[in-house]
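Fold and contact review
Next come the chains, spelled out residue by residue.
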Amino acid sequence: RVLRPGGALFIYEYQFPKCITDPNLHETVRRRFNLEWKAPVQSPRGTLADLTSGFRNSAGWQSLGDEKPIWRELLGLEEFLAHLFSQSRYLHAESRESDPVNYREEIRRSFLPSFSRGPLLFDLKPRSLLFCRVAH
């Protein structure tokens, strides 16, 4: 509502890296995100399509792009944990712990066996959308 006609809105999203080379690791992370690390009062925000429907279905906006580039990356344990430890769901769970430093180390040890042979291939599934505000 504050962007002038001709102004652009760029939306970028990526999902938590999905492990391609170890489906068991991916399933463990997915389960922990949805059960252990989810805040008790957190409700789903909706899909990106849901969240952007107001831009896609409005005469006041024009879609200029919707890209899904491939972004795959080898991640070692430390890079994987850097992604994990930056996630709001994880941080919320960590904040409830009486000893967050020890909890983080327990998490690190729990994932260590998955990386015993070295880095694993992950898919970050990025997506970018570009909308232009038009006069109506």
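Residues numbered from 1 in each chain as written. Predicted model: local features only at pLDDT ≥ 70, side-chain atom pairs only at ≥ 80, totals over all residues. Heavy atoms only, no water.

So, about the pairing of strand E5 (residues 120-123). As paired strands, strand E2 (residues 18-19) and E5 are joined by two bridges and run antiparallel to one another. If you follow Lys18 over to E5, its bridge partner there is Asp123. Here four bridges tie strand E4 (residues 72-75) to E5, and the two strands are oriented antiparallel to one another. Within E5, the residue paired with Leu75 across the bridge is Leu120. (Pairing = 2+ DSSP bridges. Helix = DSSP H or I, 4+ residues; strand = E, 2+ residues; numbered from the N terminus.)

With that settled, consider the packing of aromatic side chains. Applying the stated criterion across every chain, the model contains 13 aromatic pairs. Ring centres of Phe115 and Phe122 lie 6.4 Å apart, and the angle between their planes is 15°; on these two criteria the pair is classed as stacked. This pair shows no difference in class: Phe115 is buried, exactly as Phe122 is. Aromatic ring contacts, followed pair by pair, group Phe16, Phe33, Trp37, Phe80, Phe85, Tyr90, Tyr103, Phe111, Phe115 and Phe122 into a single cluster. (Phe/Tyr/Trp six-rings, centres within 6.5 Å; stacked < 30°, edge-to-face > 60°. Buried < 20%, exposed > 50% of the residue type's maximum accessible area, 1.4 Å probe, protein only.)

Since the α-helix packs 3.6 residues into each turn, any two residues three or four apart lie on the same face. Those residues of helix H4 (residues 88-95) that sit buried are Arg89, Tyr90, Ala93 and Glu94. Seen from one end, H4 has its buried residues packed into an arc of 135°, which puts them on one side. Residues Ser88 and Ser95 are exposed on H4 and point more than 90 degrees away from its buried face. Where H4 is buried, its residues contact helix H1 (23-34), helix H3 (77-84) and helix H5 (100-111). (Arc of directions from axis to C-beta. Contact = heavy atoms within 4.5 Å.)

Now for the pattern of salt bridges. Per the stated rule, a full pass over the model turns up seven salt bridges. The partner of Glu36 in a salt bridge is Arg32, with the nearest N and O atoms 2.7 Å apart. Judged by relative accessible area, Glu36 falls into the partly exposed class, the value being 31%. On the basis of relative accessibility, which here comes to 17%, the residue Arg32 falls in the buried class. (Salt bridge = Lys/Arg side-chain N within 4 Å of Asp/Glu carboxyl O.)

Now for the environment of Ser63. Turning to its location among the elements, Ser63 is positioned in strand E3 (residues 61-67). If we ignore the near neighbours within four places in the chain, the residues touching Ser63 are Leu130 and Phe131.

The three strands lie next to each other as E2-E5-E4, forming an open sheet whose pairing is antiparallel. Each edge of the open sheet is held by one strand with a lone partner, namely E2 and E4.

In a packed pair of helices, the relevant descriptors are the angle between the two axes and the axis-to-axis distance. Between H4 and H5, whose axes approach to 9 Å, the crossing angle comes to 130°. Comparing their axes, H5 and H4 come out oblique. Taking contact as the criterion, the partners of Tyr90, Leu91, Ala93 and Glu94 in H4 are, on H5, Pro100, Tyr103, Arg104 and Ile107. Per-class residue counts for the contact of H4 with H5 are six nonpolar, no polar and two charged. (Axes fitted to C-alpha atoms, helices over the stretch in contact; angles between N-to-C directions. Parallel < 35°, antiparallel > 145°, perpendicular 65-115°, else oblique. Nonpolar A, V, L, I, M, F, W, Y, C, P; charged D, E, K, R; others polar.)

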